[in-house]
Amino acid sequence: MRKEKNTIIDYTTERFSAEIDAKAYIEGFRKVGDFVKLCQQCGNYGRRWGCPPFENGTLSIVNNYQKVRIYAVKIIPRDKNLPLKAANQLMEPVTNQLNRELLEEEKALDGFGLGFVGTCNYCNNEPCARIEGKNCRHPDKVRPSLEAFGFDVGKTAKDLLGAELKWSQDGLIPEYLTLVYGIFYQKR
């Protein structure tokens, strides 16, 4: 039997936030058709409750709100030569903390939060219940991403937060990773 050591990756974070009128954000940053096509290319499409396709009318829920707060967190690894396969290990502790914050703020604002792309951290590595045609085990916690609702996260990060996304080159984690999420609030 081979055991692998779970090494903690040293990193720092930077946080950014902005607030925008929900209608302006929807009109200026949302391209549902473009992003659904991208989502369809992913192996998680239709296999995770945080991913499309959604029930009819689900995408329109954001139209019920007047404002949106957008947040980004840059995760900056100290080691500049990390392989891309270490990205999830680098992001997991930050994502877990941000998920808690997102749910707390969503509740405080009586809003609707949109979280992160990736694997669900609530089912302890069990396959998503959606694969078996079952309801989500944690509907009180699982939130789709901004991308899953058709929002351009690259444009959002750059134009609203001044935090340009970076991409992997040569199989290494880029200079930093950026998580972008938001909360729609103040019902119409």
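Source: prediction; values computed, not measured.

1. With respect to unusual backbone geometry
Cis geometry marks the peptide bond from proline 52 to proline 53, where omega comes out at 0°. Residues other than glycine seldom take positive phi values, yet aspartate 110 does so here, at roughly 50°. Phi at aspartate 170 is positive, roughly 60°, even though this residue is not glycine. Assignment of secondary structure puts aspartate 170 in the loop between helix H4 (153-161) and strand S4 (177-187).

2. Focus: the pattern of salt bridges
Scanning all chains against the criterion turns up nine salt bridges. Glutamate 19 is paired through a salt bridge with lysine 67; the nearest N and O atoms lie 3.9 Å apart. Of this pair, glutamate 19 sits in strand S1 (residues 11-21) while lysine 67 is found in strand S2 (residues 65-77), placing the two residues 48 residues apart along the sequence. Linking arginine 137 and glutamate 126 is a salt bridge whose minimum nitrogen-to-oxygen distance equals 3.6 Å. One end of the pair, arginine 137, is in the loop between strand S3 (112-114) and H4; the other, glutamate 126, is in the loop between S3 and H4, with 11 residues separating them in the sequence. Given the relative accessible area of 35%, arginine 137 is considered partly exposed. Within the structure, one salt-bridge network assembled from shared partners comprises Glu19, Lys67, Arg69 and Glu105.

3. Digging into the environment of arginine 130
Its location among the elements puts arginine 130 in the loop between S3 and H4. Classification of arginine 130 as buried rests on a relative accessible area of 15%. For arginine 130, the residues in contact, after removing those within four places along its chain, are Gly46, Arg47, Arg48, Trp49, Cys51, Pro52 and Pro53. For arginine 130, the side chain forms a polar contact with the main-chain oxygen of cysteine 51, separated by 2.7 Å.

4. What about the environment of arginine 15?
In this structure, arginine 15 sits in strand S1. For the pair formed by arginine 15 and leucine 161, sequence separation is 146 residues and the distance between their alpha carbons is 9.5 Å. Residues in contact with arginine 15, not counting those within four places in the same chain, are Ala72, Val73, Gln97, Leu98, Glu101 and Tyr181. Here glutamate 101 takes part through its side chain, which lies 2.8 Å from a polar atom of the side chain of arginine 15.

5. Digging into the layout of surface pockets
There is about 390 Å³ of room inside the second largest pocket. Trp49, Phe54, Cys136, Pro139 and Val142 are, among the 15 residues lining the second largest pocket, the residues nearest its centre. Its residues assigned to classes, the lining of the second largest pocket shows nine nonpolar, two polar and four charged.

Reading the values: the criteria
- Residues numbered from 1 in each chain as written.
- Predicted model: local features only at pLDDT ≥ 70, side-chain atom pairs only at ≥ 80, totals over all residues.
- Heavy atoms only, no water.
- Helix = DSSP H or I, 4+ residues; strand = E, 2+ residues; numbered from the N terminus.
- Salt bridge = Lys/Arg side-chain N within 4 Å of Asp/Glu carboxyl O.
- Buried < 20%, exposed > 50% of the residue type's maximum accessible area, 1.4 Å probe, protein only.
- Contact = heavy atoms within 4.5 Å.
- Polar contact = N/O pair within 3.5 Å; in protein donor to acceptor, adjacent residues only side chain to side chain.
- 1 Å grid on protein atoms, 1.4 Å probe; cavity = no way out; pocket = protein on both sides within 12 Å on 5 of 7 lines; lining within 4 Å.
- Points joined across faces, edges and corners; volume = space filled by probe spheres on them.
- Nonpolar A, V, L, I, M, F, W, Y, C, P; charged D, E, K, R; others polar.

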